[in-house]
Amino acid sequence: MIGLLVLWKAVSLFFLPTLLPSPAELLADIVAIFSNPSAYLVIAKTLERVFIGLILSMLIGSSIGLVMGLRRSVESFFDSWIMVLLTFPAISWAFLSVLWFGLSEIAPIFTVVLIVLPYVAMNVWEGTKALDKEITDMATVFRASRFLLLRKVFIPQLMPYIFSSLRISFALSWKIALVSEAFGASRGVGKELMYWFQGTRADMMLAWGASFIVLMVLIDVLVLRRWENRVFSWRQVMAT
């Protein structure tokens, strides 16, 4: 790590600070961003879009994946559509969202959902196909209701796939949100990146990007991983 910082510092000497700042200069830019109260409003707006898009993607994608795994007819219908969504260029969705919804709150969220949803559906679909059929049959014999079957049989077995989808979707969502904001939002971290790009200020682009990356890593470590460890705490008990 130290060697990388030394190399970074050495290379930055051959460039203007606005094109490639040194580690110290980049840190100073990050501090300057967080010293400005308006920056928190910009970051909060992007986080709002990320989490709304993530929640919608998880809910809709998990539902589609579950039904696909349980119903062959539904699987046949959605299989091709999921592949279409997986292969369709992400940047194209961003442009289309702007054309359809203009500079609005809907465009970034819509883009996140369309790109992230198929990954969630695919993962949960695979998990549903791996469900223990004996447990399902036993619950059916005891005449468990559909809601009880979902809550006590399906969801507990799908939790590893759901959390895997959540981690992947979270990593995708914020990247997609930034790209979408650059073209289809009036405010947000993506808009800040576009603003500084137009001003040929690579240093501020790196500062805003690094600031948001640090924030996303903190959310992943302090929230998502702790939540996952708590849900699967029974594994540690069984291991001991």
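Predicted model only: the values in this text are computed from it and were never measured. (Residues numbered from 1 in each chain as written. Predicted model: local features only at pLDDT ≥ 70, side-chain atom pairs only at ≥ 80, totals over all residues. Heavy atoms only, no water.)

Ranked by size, the top nonpolar core spans 43 residues in total, and within it Val189, Trp208, Phe212 and Met216 carry the most contacts. Breaking this core down by element, the ones donating at least two residues are α2 (23-34), α3 (37-70), α6 (106-129), α8 (146-184), α9 (189-198) and α10 (202-231). Top contributing element to this core by residue count: α8, with 13 residues. Once residues within four sequence positions are removed from consideration, methionine 216 is found in contact with Leu47, Phe170 and Trp174. Of all hydrophobic cores here, the second largest spans 8 residues; its members include Ile64, Val113, Leu117 and Ala121. (Core = buried A, V, L, I, M, F, W, Y, C linked by side-chain atoms within 4.5 Å. Buried < 20%, exposed > 50% of the residue type's maximum accessible area, 1.4 Å probe, protein only. Helix = DSSP H or I, 4+ residues; strand = E, 2+ residues; numbered from the N terminus. Contact = heavy atoms within 4.5 Å.)

Okay, the packing of aromatic side chains next. One pass over the full model with this rule turns up 10 aromatic pairs. Look at phenylalanine 51 and phenylalanine 170: their rings are 6.2 Å apart centre to centre, the planes differ by 25 degrees, and that puts the pair in the stacked class. Remark: phenylalanine 170 occurs in helix α8 and phenylalanine 51 occurs in helix α3; sequence separation between them is 119 residues. For phenylalanine 170, a relative accessible area of 4% puts it in the buried group. An aromatic cluster of at least three residues, connected via ring pairs, comprises Trp100, Phe101 and Phe110. (Phe/Tyr/Trp six-rings, centres within 6.5 Å; stacked < 30°, edge-to-face > 60°.)

Right, let's get into the packing of α3 against α10. Working note: a packed helix pair is described by the angle between its axes plus the distance between those axes. Here α3 crosses α10 at 55 degrees, and the two axes come no closer than 12 Å. Accordingly, the angle class assigned to the pair α3 and α10 is oblique. You can see that α3 and α10 cross each other, and the crossing is right-handed. Here Ala39, Val42, Ile43, Thr46, Leu47 and Phe51 of α3 lie close against α10, whose contacting residues are Trp208, Phe212, Leu215, Met216 and Ile219. Looking at the contact of α3 with α10, its residues break down into 10 nonpolar, 1 polar and no charged. (Axes fitted to C-alpha atoms, helices over the stretch in contact; angles between N-to-C directions. Parallel < 35°, antiparallel > 145°, perpendicular 65-115°, else oblique. Left-handed = near helix turned anticlockwise from the far one by under 90°. Nonpolar A, V, L, I, M, F, W, Y, C, P; charged D, E, K, R; others polar.)

Next up on the list: the layout of surface pockets. For the second largest pocket, the calculated volume is near 420 Å³. Around the second largest pocket sit 17 residues that line it, and Met58, Leu59, Ile162, Leu166 and Trp227 are the ones nearest its centre. Breaking the lining of the second largest pocket down by element, the ones donating at least two residues are α3, α8 and α10. The greatest single-element share of the lining of the second largest pocket, amounting to 7 residues, is contributed by α3. (1 Å grid on protein atoms, 1.4 Å probe; cavity = no way out; pocket = protein on both sides within 12 Å on 5 of 7 lines; lining within 4 Å. Points joined across faces, edges and corners; volume = space filled by probe spheres on them.)

A cluster of nonpolar side chains, namely Met1, Leu4, Leu5, Leu7, Val11, Leu13, Phe14, Phe15, Leu16 and Leu19, defines an oily patch on the protein surface of about 1100 Å² accessible area. Position of valine 11 among the secondary structure elements: in helix α1 (residues 2-12). (Patch = residues over 30% accessible without salt bridge, like charges linked within 9 Å, V, L, I, M, F, W, Y side chains within 5 Å. Areas by Shrake-Rupley, 256 points an atom, 1.4 Å probe, with all protein chains shown as cover. Salt bridge = Lys/Arg side-chain N within 4 Å of Asp/Glu carboxyl O.)

For the rest of this paragraph, the subject is unusual backbone geometry. Positive phi is not limited to glycine here, since threonine 200 has a value of about 50 degrees. As for its placement among the helices and strands, threonine 200 is situated in the loop between α9 and α10. Its relative accessible area of 57% is what places threonine 200 among the exposed residues.

For the protein chain, the mean per-residue pLDDT works out to 82, and 91% of the residues sit at or above 70. The lowest-confidence element of the protein chain is helix α11 (residues 233-239), averaging 55 in pLDDT; the highest-confidence one is α3, averaging 89. (pLDDT = per-residue confidence, 0-100.)

This part is about the pattern of salt bridges. Enumeration according to the criterion identifies 9 salt bridges in this entry. The partner of lysine 45 in a salt bridge is glutamate 105, with the nearest N and O atoms 3.9 Å apart. In this pair, lysine 45 sits in helix α3 while glutamate 105 sits in the loop between α5 (90-101) and α6, placing the two residues 60 residues apart along the sequence. When its relative accessible area of 17% is taken as the criterion, lysine 45 is described as buried. The salt bridge partner of arginine 225 is aspartate 220, with a shortest N-O separation of 3.1 Å. Under the relative-accessibility criterion, aspartate 220 is labelled buried at 12%. What you see here is one network of salt bridges that share partners, running through Lys45, Glu48, Arg49, Glu105 and Glu181.

Let's shift gears to the side chain of serine 57. Summarising the element assignment, serine 57 is placed in helix α3. For serine 57, a relative accessible area of 0% translates into the label buried. A polar contact of 2.7 Å, which involves the side chain of serine 57, links it to the backbone oxygen of glycine 53. Residues in contact with serine 57, not counting those within four places in the same chain, are Ser62, Val112, Val113, Val116, Leu117 and Val120. (Polar contact = N/O pair within 3.5 Å; in protein donor to acceptor, adjacent residues only side chain to side chain.)

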